[in-house]
Amino acid sequence: MIDGPYFVLTLLGVLGCGLVAGVFCGFSTFVMRGLAKLPPAQGVAAMNAINVAAVRPPFMLVFVGSAVLCAVLAVVTFVLLPDEATVELLLGSALYLFGSFGVTIAANVPRNDALLKLESGTPEAALYWPTYVREWTMWNHVRTVASAAAAVSYTLALT
């Protein structure tokens, strides 16, 4: 069983990945569905406001902090090569870093940036809105599953 500071890092990894999975799950299961039912001008304005509000210390500390923690866990695991839980630790790190953090950078943020450039009441925004909702939500499902799977993998490393 993992112990000492390594145990604490892994436990924090479980917590961080789980919290992020919960936020993403909320968006996938009800926030985006609610926004999609709004008229496009209102949906675009609401999502732009959400995206601006998300980039604040409370969420960013958990989201980026978890990425840093996952990277540290991966490096420490490679350096120490523990007898137990190596696969679970590396898998958890990869799932979060690529499936959550990486997908955010490669898929969700570019869509957020494109949406932010549109005036909420314009025909261009109304045309883009259904595509944005569909694509953004699909990639958010990936982030949700990856973050939750990372938390599970780290949890398995603790057993």
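**Q** Lay out the layout of surface pockets with the relevant residues and their values.
**A** If a probe as big as a water molecule is rolled over the atoms, it shows which places are left empty. Empty space within the largest pocket amounts to approximately 450 Å³. Forming the walls of the largest pocket are 23 residues, and the residues nearest its centre are Asn-51, Ala-54, Val-55, Phe-59 and Asn-112. The dominant element in the lining of the largest pocket, judged by the number of residues it contributes, is helix H4 (residues 86–116), at 7 residues. A class-by-class count of the residues in the lining of the largest pocket yields 16 nonpolar, 5 polar and 2 charged.

**Q** How would you sum up the pattern of salt bridges? Please name residues and give values.
**A** Oppositely charged side chains can pair when the atoms bearing their charge come close. Scanning the model with the defined rule gives 1 salt bridge in all. Residue Arg-111 is joined to Glu-135 by a salt bridge in which the shortest nitrogen-to-oxygen separation is 3.1 Å. Of the two residues, Arg-111 is situated in helix H4 and Glu-135 in helix H5 (residues 123–158); the sequence distance between them amounts to 24 residues. Taking relative accessible area as the criterion, Arg-111 reaches 18% and is therefore assigned buried. What makes Glu-135 partly exposed here is its relative accessible area of 25%.

**Q** Account for the packing of aromatic side chains, with residues named and values stated.
**A** One pass over the structure, following the stated rule, counts 9 aromatic pairs. Ring centres of Phe-59 and Phe-63 lie 5.5 Å apart, and the angle between their planes is 10 degrees; on these two criteria the pair is classed as stacked. Here Phe-63 and Phe-59 lie together in helix H3 (residues 57–80), a separation of 4 residues that amounts to about one turn. Among the residues examined, Phe-59 registers a relative accessible area of 22% and is labelled partly exposed. A residue is classified by how much of its surface remains accessible, and Phe-63, at 5% relative accessible area, is buried. Judged by centre distance (5.2 Å) and plane angle (35 degrees), the ring pair of Phe-63 and Phe-101 falls under tilted. Of this pair, Phe-63 sits in helix H3 while Phe-101 sits in helix H4, and the two are 38 residues apart along the sequence. By relative accessible area, Phe-101 is classed as partly exposed at 21%. Counting every residue linked through ring pairs, the aromatic cluster contains Phe-24, Phe-59, Phe-63, Tyr-96 and Phe-101.

**Q** Report on the environment of Tyr-6, specifying residues and quantitative values.
**A** As for its placement among the helices and strands, Tyr-6 is situated in helix H1 (residues 4–36). Under the relative-accessibility criterion, Tyr-6 is labelled buried at 12%. A sequence separation of 152 residues divides Tyr-6 from Leu-158, and the C-alpha atoms of the two residues are 9.8 Å apart. Once residues lying within four places of it in the same chain are set aside, the contact partners of Tyr-6 are Leu-73, Val-76, Thr-77, Pro-82 and Leu-89.

About the thresholds
Residues numbered from 1 in each chain as written. Predicted model: local features only at pLDDT ≥ 70, side-chain atom pairs only at ≥ 80, totals over all residues. Heavy atoms only, no water. 1 Å grid on protein atoms, 1.4 Å probe; cavity = no way out; pocket = protein on both sides within 12 Å on 5 of 7 lines; lining within 4 Å. Points joined across faces, edges and corners; volume = space filled by probe spheres on them. Helix = DSSP H or I, 4+ residues; strand = E, 2+ residues; numbered from the N terminus. Nonpolar A, V, L, I, M, F, W, Y, C, P; charged D, E, K, R; others polar. Salt bridge = Lys/Arg side-chain N within 4 Å of Asp/Glu carboxyl O. Buried < 20%, exposed > 50% of the residue type's maximum accessible area, 1.4 Å probe, protein only. Phe/Tyr/Trp six-rings, centres within 6.5 Å; stacked < 30°, edge-to-face > 60°. Contact = heavy atoms within 4.5 Å.

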